[in-house]
Amino acid sequence: MTSQGSGRQNVGGVHIIDLGHAQDPRLLNSLYDDVLMPSFPPDELSLPWWDRAAPTDYGDTMATLVALGENEVVGGLVAWWFEKARTQLVGYLGVRPDHRGRGIGTALIDAAREHWWREAGDSQPGRYEFLGCRLVVAEIEDPRHHGDHPDYGSPEARVRFYSRLGAEVLHGRDGNPLRYFQPRVRDDTQRVPNLFLATLHVSPEALDDAHTVDAELLATFLREYFAAEEGSQSLDDSEVQGLLDQVSAPGRLALRPIGEHAGDIADRAGARAGSES
Ligand SMILES: CC(C)(COP(=O)(O)OP(=O)(O)OC[C@H]1O[C@@H](n2cnc3c(N)ncnc32)[C@H](O)[C@@H]1OP(=O)(O)O)[C@@H](O)C(=O)NCCC(=O)NCCS
C-alpha cells in the first residue's frame, strides 16, 4: 500500500487508508478516475495534481484519505493546507456513485477528525504539520442555486449530510452567508458561484464565546487560496475584492449551522423547480 499510510477496518468491509502527504499514483489514479470524475462537474475538478506515473511527496501542502473496498478505491478525501492561515481546505470528498448511502462519506470525515483535526498536543508531534490547525473549511453548493444531477448528486442531500457532521456556514459582515465562489481550478474552466463556505472544524483558540471567528484569519486563507489557484494578480480583480470586502477585518464572522438553511432551501428549491418547469 503506502509507507506512510495507516489503515483501519471500517463500514461494510471498507478500509480507510491515511496516505498523509504521500502520493501513491496507483491509488490516486483510481480515486480520480473512478470516484472524483463521476462525482464532480468539470469546473469543480482540477487536473490531476500528482505525477500519474511516479510516486511523489507534496511536503505539507496536500493530504489524502482513501476508502478501499475489496480491491478497489470506492471513496476519498483530498485536503490542501494553507500555512499562513493554518487552515485546511477539504477540496474533494467523494464516494463512488454505486457505494453512496452506506456510511463511507461519514467514515472518511470521521477518519479526518481522528487523524488530522486535532489539537497539536493530541497526537504524535511532527507527524503532520496541520495538527493544531485553526480552521477546516469546505465549499458546498448552495441548493437554492444548484439543482440535482444524476451523477454529482443532490445539493439538498449534501446539506443534510454536512448538517449531521456539524458543518457551519460562514457569514459575512452583513449577517448573510458569504457570497462565496470557488476560484478557477484550471485554465479551461470557470469560477463556480453560489457556494457556501462552511467549517468542518474550528479550533477552540479560533472561536469566541459568541461563536464567531476572526475575519482576518479567513481573509488570510482566501488570499492564500486564490493566489495559489489563480495567481496573485487575481487578488486585484473586482470579484475577489468583493469577496474580501465581505470579510474585511477588523471584526468577527458568525458561524451558523448549515441545517438552519434547510427550510429556506426547501422553499427556494421548490420555487426553482417551479420556474424551470
Ligand atoms: C456527499 C457524499 C460524499 C456522501 O457520501 P456517502 O457515503 O454517500 O454518505 P453516507 O452514507 O455517510 O451518508 C448518507 C448521506 O449522504 C448524503 N448522500 C447520499 N447520496 C448522496 C448523493 N447522491 N448526493 C448528495 N448527497 C448524498 C445524504 O445526506 C445521505 O443521507 P440521507 O439518507 O439523509 O439521504 C457522496 O454522496 C458523494 O460523493 N457525492 C458526490 C460528490 C459530493 O457531493 N461531494 C461533496 C462535495 S462538497
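Counting from 1, residues in each chain are numbered in the order their sequence is written. Local features are withheld for residues below a pLDDT of 70 in this predicted model, meaning they are given only at 70 or higher, and side-chain atom pairs are given and counted only at 80 or more; totals for whole chains, interfaces and linings count all residues.

S.K.: With reference to specific residues and values, describe the site of the ligand.
M.R.: In this text, near has one meaning. A residue is near a molecule or strand if its C-beta atom, placed using the backbone, is within 6 Å of it. Close to the ligand lie 20 residues, the nearest being R100, G105, T106, G153 and A157. The helix count covers DSSP runs of H or I at least four residues long, the strand count covers runs of E at least two residues long, and both are numbered beginning at the N terminus. The set of elements that each furnish at least two residues to the shell around the ligand consists of β7 (87-95), α2 (104-115), β8 (135-141) and α3 (155-164). Looking at the shell around the ligand, the element that brings in the most residues is α3, giving four residues. The domain boundaries here were taken from an automatic or database domain assignment. Shared between two domains, the shell around the ligand takes at least three residues from each, and those domains are domain 1 (1-127) and domain 2 (134-277).

S.K.: Report on the environment of F226, specifying residues and quantitative values.
M.R.: Mapping F226 onto the fold places it in helix α4 (residues 215-230). Residue class for F226 comes out buried when judged on the 23 C-beta atoms lying within 10 Å of it. As a C-alpha pair, F226 and Q182 span 44 residues in sequence and 8.7 Å in three-dimensional space. Working definition of a contact: two residues with C-beta atoms, positioned from the backbone, lying within 7 Å. Dropping the residues within four chain positions of it, F226 is found in contact with P183, S234, L235 and V240. Buried residues are those with 20 or more other C-beta atoms within 10 Å of their own C-beta, exposed residues have 12 or fewer, and partly exposed residues lie in between; C-beta atoms are placed from the backbone.

S.K.: Hey, could you go over the environment of L89 for me, with residue numbers and the actual values?
M.R.: Examined against the element boundaries, L89 turns out to sit in strand β7. The class for L89 is buried, based on 22 C-beta atoms found within 10 Å. The sequence separation of L89 and M62 amounts to 27 residues, and the corresponding C-alpha distance is 9.6 Å. Excluding residues within four positions of it along the chain, L89 makes contact with A79, W80, F82, V137 and Y225.

S.K.: Give a detailed account of unusual backbone geometry, specifying residues and quantitative values.
M.R.: Of note in the backbone geometry, R86 takes a positive phi value of approximately 45 degrees without being a glycine. The partly exposed category is assigned to R86, around which 19 C-beta atoms lie within 10 Å. A positive phi angle, near 60 degrees, is found at N194, a position not held by glycine. Note on N194: 15 C-beta atoms within 10 Å, which makes it partly exposed.

S.K.: I'd like a rundown of the nonpolar core, residues and numbers included.
M.R.: Among buried residues, those of type Ala, Val, Leu, Ile, Met, Phe, Trp, Tyr and Cys that are joined through C-beta atoms within 7 Å form a set called a nonpolar core. By size, the foremost hydrophobic cluster in this structure holds 75 residues, and its most contacted members are L65, V66, A67, L77, L108, A198 and L218. Sort the elements by how many residues they give to this core and strand β6 (residues 73-82) lands first, with eight residues. There are two domains that each give this core at least three residues, and those are domain 1 (1-127) and domain 2 (134-277).

S.K.: Residue-level account of α4, with values.
M.R.: In an α-helix, one turn spans 3.6 residues, which is why side chains three or four residues apart end up on the same side. Compared with an ideal rise of 1.5 Å per residue, which puts 16 residues at 22 Å, α4 spans 22 Å between its outermost C-alpha atoms and is within 8% of the ideal. Among the residues of α4, A215, L217, L218, F221, L222 and F226 are the ones counted as buried. For α4, the angular spread of the buried residues around the axis is 160 degrees, confining them to a single face. G231 sits one or two residues past α4 and shows a positive phi near 95 degrees. What a helix should span is 1.5 Å times the count of its residues minus one. Along the arc lie the directions from the helix axis toward the C-beta atoms.

S.K.: Go over the environment of R160 with me, naming the residues and quoting the values.
M.R.: Along the chain, R160 falls in helix α3. When the C-alpha atoms of R160 and G259 are compared, they prove to be 6.9 Å apart, with 99 residues separating the residues in sequence.

S.K.: Describe the pairing of β8, naming the residues involved and giving the relevant values.
M.R.: The buried fraction of β8 is high, at six of seven residues. Strand pairing requires that DSSP identify at least two bridges connecting the strands. As defined by bridge partners, β7 adjoins β8 across four bridges and the pair is classed as parallel. Residue pairing in the sheet places L89 in a bridge with V137 of β8. Judged from the seven bridges that link them, β8 and strand β11 (residues 192-202) form a sheet pairing that is antiparallel. Its bridge partner being in β11, A138 is matched across the sheet by A198.

S.K.: Go over helix α5 (residues 238-246), please, and point to the residues and values.
M.R.: Taken residue by residue, α5 has V240, L243 and Q246 as its buried positions. Relative to the axis of α5, the buried residues are bounded by an arc of 115 degrees and lie together on one face. Facing away from the buried surface of α5 by more than 90 degrees, the exposed residues are S238, Q241, G242 and D245.

S.K.: Please give an account of the pairing of β7 that cites residues and values.
M.R.: Burial analysis of β7 places nine of its nine residues in the buried class, which makes it a mostly covered element. Looking at chain direction, β6 and β7 are connected through eight bridges and run antiparallel. Across the sheet, residue V78 finds its bridge partner in β7, namely Y92. The turn joining β6 and β7, which pair antiparallel and follow one another in sequence, is formed by four residues; a positive phi near 45 degrees is taken by R86.

S.K.: Account for the confidence of the model for the protein chain, naming residues and giving values.
M.R.: pLDDT is a residue-level measure of predictor confidence that goes from 0 to 100. For the protein chain, per-residue confidence averages 88 on the pLDDT scale, and 87% of positions sit at 70 or higher. The lowest-confidence element of the protein chain is strand β1 (residues 6-9), averaging 51 in pLDDT; the highest-confidence one is strand β10 (residues 180-182), averaging 98. With pLDDT under 50 throughout, residues 1-5 is counted as low confidence; its partners more than four residues away or in other chains account for 13 contacts.

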